[in-house]
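Listed here are the chains, written in short residue letters.
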Amino acid sequence: ESNSSGGYNSSGGSNSSSKSNNIYSQASSQASRKDYLQHEANKELFQRQRKKQNLIIFGLERSNSSNNENSINDNSKDTHDEDAVLELMSALDVSAAIKTTFRLGRGESRPLVVVFKTQEGREDFFGNLYKLKNKERWRKVAVVPDLTKFQIEERKMEIENIRQAMMKKSFIKH
């Protein structure tokens, strides 16, 4: 059990064995981290691809043109939302096909996710949003792309960097 005669420590194990276990543990940990990061990257890419056809509408009230009286908490297909989106699309002169719509969260005023059948449909919708300007009916409506959490964080950082750059320019001019 002496350390000089065979490389054993007082606990009965060899120093070289302990070192190799530690190296193996570190390599295994690095491989696990690499696998985790690869999994997260794949998940992010999948989510981005899936959300390319989506947009989120805030402030859109249910259309009154529908005869169906679904409650807010009803899980059945809500034709009020679809009618409201179709009314909005009519105001935009867009005729893109919608795959589905659904509300996020709970409560009275919830964002509405619209999933188009094609990415081009979503782009047509966004391209015509300027037509809503100065129209009272759509004054409270805001439309944003459906982004992943990572994309939202990226945009926040970009905005902050731009804001800081503008402040530096403003500070230098004065």
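Computed from a prediction, not measured in an experiment: that's the story for all the values here.

**Student:** Just checking my understanding: could you explain the confidence of the model for the protein chain for this structure?
**Tutor:** One rule of thumb: low pLDDT means the predicted coordinates there are not for detailed reading. Here the protein chain shows a mean pLDDT of 79. Residues at 70 or above account for 74%. Across residues 1–11, confidence stays below pLDDT 50; counting only partners more than four residues off in sequence or on other chains, it has 13 contacts. Taken as a whole, residues 66–76 scores under 50 in pLDDT and shows 16 contacts with residues more than four places along the chain or in a different chain.

**Student:** How should I be thinking about the packing of aromatic side chains in this particular structure?
**Tutor:** Any aromatic ring pair is given by two values, namely how distant the centres are and how the planes are angled relative to each other. The full count for this structure, using the stated rule, is one aromatic pair. Aromatic side chains Phe 116 and Phe 125 sit 5.8 Å apart centroid to centroid with 55° between the ring planes, which places their arrangement in the tilted category. With respect to class, Phe 116 is no different from Phe 125; both count as buried. When the ring centre of Trp 138 is taken as reference, the NZ or CZ atom of Arg 137 above it lies at 4.2 Å.

**Student:** Looking at this structure, how should I read helix 4 (residues 119–127)?
**Tutor:** Note on helix geometry: an α-helix contains 3.6 residues per turn, so any two residues three or four positions apart are oriented the same way. Every buried residue belonging to helix 4 is among Gly 121, Arg 122 and Phe 125, and all of these are buried. Taken down its axis, helix 4 places every buried residue within 100° of arc, on the same side.

**Student:** It is not clear to me how the pattern of salt bridges should be interpreted in this structure. Could you clarify?
**Tutor:** Oppositely charged side chains may form a pair once their charged atoms are brought near each other. In the structure shown here, the tally under the stated rule is 10 salt bridges. As a salt-bridge pair, Glu 154 and Arg 48 come within 3.2 Å of each other at their nearest N and O atoms. Residue Glu 154 is found in helix 5 (residues 149–173), and its partner Arg 48 is found in helix 2 (residues 15–51); the two are separated by 106 residues along the sequence. For Glu 154, a relative accessible area of 29% corresponds to the partly exposed category. Using a relative accessible area of 26% as the deciding quantity, one classes Arg 48 as partly exposed. Here Glu 160 makes a salt bridge to Arg 163, at a shortest N to O gap of 3.4 Å. Residue Glu 160 and its partner Arg 163 are located together in helix 5, separated by three residues, close to a single helical turn. For Arg 163, a relative accessible area of 45% corresponds to the partly exposed category. In this structure, a network of salt bridges that share partners links the residues Glu 44, Arg 48 and Glu 154.

Reading guide: rules and limits
- Residues numbered from 1 in each chain as written.
- Predicted model: local features only at pLDDT ≥ 70, side-chain atom pairs only at ≥ 80, totals over all residues.
- Heavy atoms only, no water.
- pLDDT = per-residue confidence, 0-100.
- Contact = heavy atoms within 4.5 Å.
- Phe/Tyr/Trp six-rings, centres within 6.5 Å; stacked < 30°, edge-to-face > 60°.
- Buried < 20%, exposed > 50% of the residue type's maximum accessible area, 1.4 Å probe, protein only.
- Lys NZ or Arg CZ within 6 Å of the ring centre and 35° of its normal.
- Helix = DSSP H or I, 4+ residues; strand = E, 2+ residues; numbered from the N terminus.
- Arc of directions from axis to C-beta.
- Salt bridge = Lys/Arg side-chain N within 4 Å of Asp/Glu carboxyl O.

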